[in-house]
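Per-entry structural report
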Amino acid sequence: MASASTPLPISLQARIHQPTIVRSTPLKFSSTRVLARPIKASTSETPPDLAVATRTGSGSKDLPIRTIPGSYGLPIIGPLKDRNDYFHTQKPEEFFKSRIRKYNSTVFRVNMPPGGFIAENPQVVALLDGKSFPVLFDVDKVEKKDLFTGTYMPSTDLTGGYRILSYLDPSEPKHAKLKSLLFHLLKSSRNRIFPEFKATYSELFDSIEKELADNGKADFGGPGDAAAFNFLARAMYGKNPADTKLGSDAPSLITKWVFFNLHPLLTLGLPSIIEDPLLHTFRLPSSLVKSDYQRLYEFFLEYSGEILVEAEKLGISREEAAHNLLFATCFNTWGGMKILFSNLVKRVGRAGTKLQIRLAEEIRSVIESNGGELTMGGIEQMELTKSVVFECLRFEPPVPAQYARAKKDFVVESHDAAFRVKAGEMLYGYQPLATRDPKIFERAEEFLPERFLGEEGERLLQHVVWSNGPQTENPTVGNKQCAGKDFVVLVARLFLIEIFRRYDSFDIEVGSSPLGSSVKFTSLRKASF
């Protein structure tokens, strides 16, 4: 167990609060790739224009400039058809895969939901392979202003009247100030992460064991949501929510507020004739969640103390800072932990006892070799644990969609062709297809726990882009990569460590959920070695 004074190492501290400007040259991939069955381009529907050729990013071959295939259809009718296919007829993954087959291309034109009266223009150029996708991070070529949620932006009434950091482009003056504030928050909490995580998640698994003993099953979702917020409040703000006016209400308040932000993109499994008018055509009135949001805001305004002092030094008002801290903590971090931790339980649970025993052996042996203490150096020795986390982030990224708008005309390249993008066009990437690209990852559609072991595994990390940038690069004030990139990877590893400190193996049941997976434990076999 780490003591309360156990800090993160200097190298990690530097990565999570680096205040420099990122280089904005496009990401270049090595010409060495792991090949599986490629998606081959064809001239069946949209013949390529061979008049111009361009070099690939790796310089491995000449690519033809091809007209971007696809169609937006007739006004109103085209967007409605695509929306119905996306939510109801095909579901997201098949929606994209069917069009890849149709156009013989991983780059094509399509309408993205919600459309209706929520998004004025649903038209995008979809980028669905691991080579074209990274242009979404190139701040020289694209901007991110007001695109965090896609073709629409939720009302600022949901965020205290402020455009929050997630909606700012790096070129906007406040972007650097607000991101620097988040780096400061991460740095200031570094000594509390280990002890508060262990304390919070020990309490969680004590309660799960009791429910399992009483009922034969134990839900992870609700208790996991509560544990995630309690940990974040205690580690980042030094306050236990149970000792405040929030009490245990935060997860339900956040869930309702997040729903009002994201309802145009969610499905509840209702018939389309009910769900589309209710969720995907008009904005739900923000007034219905105003009092819930106010309770959350008051918590962050009251208990952010030293962080708000730092905000004022940076030229940010206490009010604007508190709204940004709320969003970063509740929407970005809590929401990410909610999805990622459920996915980890699901993937490791489905992988079976053999993997679980290997993780338990690795984790316990490293801790024992460090005198029973968990240290950052020890965590770095847990290679399989680290690989499992990265494979989960690759296979099922917590945030599947990325958007950007072209700043200028440029050429974007897939593996098989190049395409001219015009200034002002909206670009969209469905990350699960980019990070399961069979031209980059061998057995791309399989969850392989050992994928990121060794030198080849390290090389593949450049293609893990869950954080709005490559895993091999770092967030800075000059890019849109997640400020808490290294924090999220760390707590995911801590989560697996806490499970396998206590248990040899476990069994689960998995269901569906609007955000992430619904997971129940059906057995927990306590540590026997």
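Above this text you will find the structure in question.
Along each chain, residue indices are assigned from 1 in the same order as the chain's sequence is written. In keeping with the model being predicted, local features are shown solely for residues with a pLDDT of at least 70 and side-chain atom pairs are shown and tallied solely at 80 or more, while totals for entire chains, interfaces and linings include all residues. Just so you know, side-chain values use all the structure's heavy atoms and leave hydrogens and water out.

In this section: the overall build of the chain. Numbered from the N terminus, helices here are DSSP runs of H or I no shorter than four residues, and strands are runs of E no shorter than two. A tally of helices and strands in the chain yields 17 helices and 12 strands. A separation of at least 24 residues holds for 72% of the contacts in the chain among residues at least 6 apart in sequence. Reported accessibility uses the Shrake-Rupley method at a 1.4 Å probe radius. Residues are deemed covered only where the shown protein chains occlude them. When the accessible surface of the chain is summed, it comes to about 21400 Å², and 54% of that surface belongs to carbon and sulfur atoms. Whether two residues are in contact is decided by their heavy atoms, any of which lying within 4.5 Å being enough.

A few words now on the sheet that holds strand β6 (residues 218-219). Judged by pairing direction, the sheet is antiparallel, and its three strands sit side by side in the order β6-β12-β11 without closing on themselves. At either end of the open sheet lies a strand with only one pairing partner, and these are β6 and β11 (503-512). In the sheet, β11 pairs with strand β12 (residues 517-526) via nine bridges, with the strands oriented antiparallel. Note on β12: the bridge partner recorded for G511 is S518. Across the sheet, helix α5 (residues 193-215) is in contact with β6, β11 and β12; its angle to β12 comes to roughly 85°. In this description, strands pair whenever DSSP reports at least two bridges between them. Axes here refer to lines fitted to C-alpha atoms; in helices the fit is confined to the stretch in contact. Angles between the N-to-C directions go from 0 to 180 degrees.

This part takes up the packing of aromatic side chains. Note on aromatic pairs: the rings of Phe, Tyr and Trp (six-membered ring only in Trp) are paired at centre separations within 6.5 Å, and the planes decide the class, stacked below 30 degrees, edge-to-face beyond 60, tilted for the rest. Evaluated as defined, the whole model comprises 40 aromatic pairs. Considering the side-chain rings of F197 and F341, the 6.4 Å spacing of their centres and the 70° angle between planes classify their relative orientation as edge-to-face. Of this pair, F197 sits in helix α5 while F341 sits in helix α11 (residues 318-351), placing them 144 residues apart in sequence. The same class applies to F197 and to F341, which are both buried. Judged by centre distance (6.0 Å) and plane angle (75°), the ring pair of Y201 and F495 falls under edge-to-face. Here Y201 is found in helix α5, whereas its partner F495 is found in helix α17 (residues 485-502), with 294 residues between them in sequence. Note on classification: 1.4 Å probe, protein chains only; a residue is buried when its accessible area is under 20% of the maximum for its type, exposed when over 50%, partly exposed between these limits.

Expected helix span is taken as 1.5 Å per residue step, with the number of steps being one fewer than the number of residues. Taking 1.5 Å per residue as the helical rise, helix α14 (residues 383-395) with its 13 residues ought to reach 18 Å, and the 18 Å between its terminal C-alpha atoms agrees with that figure. Of all 13 residues in α14, 12 are buried; the element is thus mostly enclosed. Every buried residue belonging to α14 is among L384, T385, K386, S387, V388, V389, F390, E391, C392, L393, R394 and F395, and all of these are buried. Of the surrounding secondary structure, the elements contacted by the buried residues of α14 are α11, α12 (353-369), α13 (376-381), α16 (454-460) and α17.

Attention shifts here to the nonpolar core. Membership of the largest hydrophobic core comes to 114 residues, with the highest contact counts inside it found for Y201, F229, F231, W257, F341, L344 and F495. Among the elements that line this core, the one with the most residues is α11, at 15 residues. With residues near it in sequence (within four places) discarded, W257 still touches L158, T159, V289, Y293, L326, F327, C330 and F331. V125, V142, A404 and F419 belong to the second largest nonpolar core, which has 20 residues in total. For the purposes of this section, nonpolar cores are sets of buried Ala, Val, Leu, Ile, Met, Phe, Trp, Tyr and Cys residues that join through side-chain atoms within 4.5 Å.

Taking 1.5 Å of rise per residue, the 34 residues of α11 would be expected to cover 50 Å, and the 47 Å separating its terminal C-alpha atoms lies within 8% of that figure. Its maximal kink placed at W334, α11 deviates by approximately 30°. Burial runs high along α11: 29 of the 34 residues are buried. The positive-phi residue at the C-terminal boundary of α11 is G352, with phi of around 100°. The angle between axes fitted to the seven-residue stretch ending at a residue and the seven-residue stretch beginning at it gives the bend at that residue.

With that out of the way, let us pick up the sheet that holds strand β4 (residues 123-127). As summarised here, the arrangement of the five strands in space is β3-β4-β10-β7-β5, forming an open sheet in which the pairing is mixed. Since the sheet does not close on itself, it has two edges, and those belong to β3 (107-111) and β5 (142-143), each with one partner. For strand β7 (residues 401-406) and strand β10 (residues 426-430), the ladder comprises five bridges, and the chain directions are antiparallel. The residue bridging A401 from the neighbouring strand is Y430, located in β10. Of the strands in this sheet, β3 and β10 are in contact with helix α3 (residues 92-103), which crosses β3 at around 130°.

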